[in-house]
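The residues making up each chain are set out below.
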Amino acid sequence: MSEYVSNSRLERVLKAGHLGVTSECGPPRGSDAEEVKKKGLLIKDYVDAVNVTDNQTAMTRMSSLAACIHLKLLGIEPVLQMVTRDRNRVALQSDILGAASFDIPNMLCLSGDHQSFGDCAQGQNVHDLDSMQLVQTVRHMRDEGKFLGGDDIKRPPKIFVGAAANPFADPFEIRIPRLAKKIVCGAEFIQTQCIYNLDKFKEWMRRAVDRGLTEKTFIMAGMTPMKSVGMAKYMKNKVPGMDVPEEIINRLAGVEKKKQAQEGIDICVEHIQELSEIKGVAGFHIMAIEWEEKVPEIVERSGLFPRPEV
Amino acid sequence: MRLKIPTNFRIIRLPCTGKIDIIHILRAFEKGADGLYVVGCMEGDCHFNEGNFRARKRVEQAARVLDLIGVGGERVKMYNLSSGEGPLFAQYSIEMVNKIKELGPSPIRLARQRMSKKADAA
Amino acid sequence: MIIAEKKPIEEIIQEVKDFDRILILGCNECVTVCEAGGKKEVEVLASVLRMYFMAQGQEKTIGERTLERQCDHEYLEEIRNIIDDYDAVVSLACGVGVQFAAEKYLTMPLLPGVNTVCLGANEDRGLWTERCQACGTCVLARTGGICPVSRCAKRVLNGPCGGSTNGKCEISKDTDCAWQLIIDRLKALDKMDDYEKVAPVKDWSTDRAGGPRTVTREDVKI
């Protein structure tokens, strides 16, 4: 993994062997770009790239691509998240070219939450491709310089391609085979689901290392600080595929309410420090949901600041 | 045991209440019945295991439909008793007849009467 | 078989209220088995409509008929001699039957009495569940005999997605995760190696996407 496939800073940081740092920014439910820019500027110097979600939880929002462009124009490197729920292969390829025209250098391929969670529960879903096939598609467009239909692309997209992994989803025994499959499809970096159960994550990571998967992809551990014990309980009980151990809940419940947020940040920082030592962890994806202002503190206290020059 | 029961209802015997279908209930109303009740064995005592449970579901189905078309779902009811409970059978029949009297004639019967009068006048 | 579900009576009443002579037309095939549009359902609907309109003081003629099938010319021909006695037909067949009847009797209003739901199986008494979406290119050989197209809410061909929890789908804890079922089957077949084979981008042109589909068999044509 020595030569660069894109102009991505994230790619350079990871390939130089530094721990990469990404964060996340959800576009607004309206057309005011200031919200995106504000969030982006808050974290600009503390991360290598900012993921921009694609209508997350199937709630209609400003398009991920448009929000990515706003960030890019401010000099902030975006990771374009793209779900296969809403667009067929024509639209997906077209948006990939659109992103590439603005030199958006990273993409994360996802299937997307089911539309029944969002504000258009009666809408159709597309799923012409699945997330792995989307990874294959971008790689095909970039590496072969061709559309899925076989025609040549003038100025093919130069995009560093990622996929998501959930070390905690069911069934556990296919977690590693599934990761391997995504890598075969061409995922160059992986951002994981939020990690709270460190033991289970370490076991997953050990298996990934044993299979040699960390030689083929960069695995960035997903981190989300808890704002309160209420949020921890909600994540444990309501969010599919989330594993929140009792001890996290007890620890948050053990401090008075107004100090719970700080405790959540502390836990997050401790987790990052602990996982930094784990073989195969290539970086962190810090998803501070509607709490972007805390990202600088987390990055600094975790010893990940300043970001390296690459 | 000689028990007094109302005389204004007809008993239709079935091998098991599980034999009853919603269409039998609807036809009774279509022909002008003001009410209908089904008497099955005690729940759990059905010789065919679930005949009386099926019957209860069908009575409920009929009640929903009758409500929907303005006839009134309260005109149908399911009772359960064991074969040795003659007095209770009598009590249920009195209860049902009184209830139907309270409700008055079924709109279907009234409609039939109006229609036949119209036909007579013509 | 084709699974259908009775339309609400209120909806049918709305559709037929302006007609005086209505034929309720059942079908002896799938809709009979799934108890939505067979002879019995014809009788019930006819009785209900008669009573409803009677209570409204309206005299309507409500006829009842159930055909062997509504998706075959020869059976639909059986009503040709009575069809003119009616102003409208409520067909309790699946969408195929309704349309086939409509094509045959051009000037007769044909109203659907059921909602056609899916291609499914009779899983239990009173429970019918989807098994096939007629995508036109069967993948079951590669997925342990469990269909990801019809049974995964995202028709993910390389699953499961991140929403699979305890064997259930993210859309509902009552819905099995198709990919959990596939993995269970692959394990039972000792074919877990197959799991890592990537399913390529699917050709959906044989699905709905390719337009109305036909099967032509020159060898059986006369």
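Given the structure is predicted, the values throughout are model-derived calculations rather than measurements. (Residues numbered from 1 in each chain as written. Chains lettered and ligands numbered in written order. Predicted model: local features only at pLDDT ≥ 70, side-chain atom pairs only at ≥ 80, totals over all residues. Heavy atoms only, no water.)

1. Overview of the pairing of strand 6 (residues 189–194) of chain A
All names here are of chain A.
Then comes step 1: The buried count for strand 6 comes to five of six residues, which makes it a mostly enclosed element.
Then comes step 2: As judged from the four bridges shared by strand 5 (residues 160–165) and strand 6, these two strands associate in the parallel manner. The residue of strand 6 that forms the bridge with A163 is I190.
Then comes step 3: The parallel pair strand 5 and strand 6, bridged by helix 6 (residues 175–185), forms a crossover whose chirality is right-handed.
Then comes step 4: Taken together, the four bridges between strand 6 and strand 7 (residues 218–223) define a ladder with parallel strand orientation. Among the inter-strand pairings, I190 is bridged to a residue of strand 7, identified as I219.
Then comes step 5: Considered for its hand, the β-α-β crossover made up of strand 6, helix 7 (residues 198–210) and strand 7 is right-handed. (Buried < 20%, exposed > 50% of the residue type's maximum accessible area, 1.4 Å probe, protein only. Helix = DSSP H or I, 4+ residues; strand = E, 2+ residues; numbered from the N terminus. Pairing = 2+ DSSP bridges. Right-handed = clockwise from strand over helix to strand, strands pointing away.)

2. Topic: the domain arrangement of chain C
Then comes step 1: According to the domain assignment, chain C contains domain 1 (2–118) and domain 2 (133–209).
Then comes step 2: A separation of 37 Å is found between the C-alpha centroids of domain 1 of chain C and domain 2 of chain C. (Domains from an automatic or database assignment.)

3. Here's the deal with the sheet that holds strand 6 of chain A
Residues and elements named next belong to chain A.
Then comes step 1: Strand order around the closed barrel formed by eight strands is 1-2-3-4-5-6-7-8, with parallel pairing between neighbours. Averaged over all neighbouring strand pairs, the angle between strand axes comes to 30 degrees, with direction disregarded.
Then comes step 2: The sheet contact formed by strand 3 (residues 78–83) and strand 4 (residues 106–110) spans five bridges and is parallel. Bridge assignment links L80 to a residue of strand 4, and that residue is M107.
Then comes step 3: Running at roughly 150 degrees to strand 4, helix 5 (residues 131–144) makes contact with strand 3, strand 4 and strand 5 of the sheet. (Axes fitted to C-alpha atoms, helices over the stretch in contact; angles between N-to-C directions. Contact = heavy atoms within 4.5 Å.)

4. Thoughts on the sheet that holds strand 5 (residues 110–112) of chain C
Residues and elements named next belong to chain C.
Then comes step 1: One open sheet holds the four strands; their spatial order is 3-2-4-5, and the pairing between them is parallel. Of all the strands in the sheet, the pair left with one neighbour each is strand 3 (61–67) and strand 5. The mean angle between the axes of side-by-side strands here comes to 25 degrees, regardless of whether they run parallel or antiparallel.
Then comes step 2: In this structure, strand 2 (residues 21–27) lies alongside strand 3, joined through seven bridges in parallel fashion. In the sheet register, L23 faces strand 3, and the bridge partner there is G63.

5. A word on the packing of aromatic side chains
Each pair of aromatic rings is reported with the distance of its centres and the angle of its planes.
Residue and element names in this part refer to chain B.
Then comes step 1: Applying the stated rule across the entire model yields eight aromatic pairs over all chains.
Then comes step 2: Measuring from centroid to centroid gives 5.6 Å for Y37 and Y79, while their planes differ by 90 degrees, and the two rings are edge-to-face. Of the two residues, Y37 sits in strand 1 (residues 36–40) while Y79 sits in strand 2 (residues 76–80), which places them 42 residues apart along the sequence.
Then comes step 3: Taking the relative accessible area as the measure of exposure, Y79 reaches 6% and is therefore buried.
Then comes step 4: Joined through ring pairs, the aromatic side chains of F9, Y37, Y79 and Y92 make up one cluster. (Phe/Tyr/Trp six-rings, centres within 6.5 Å; stacked < 30°, edge-to-face > 60°.)

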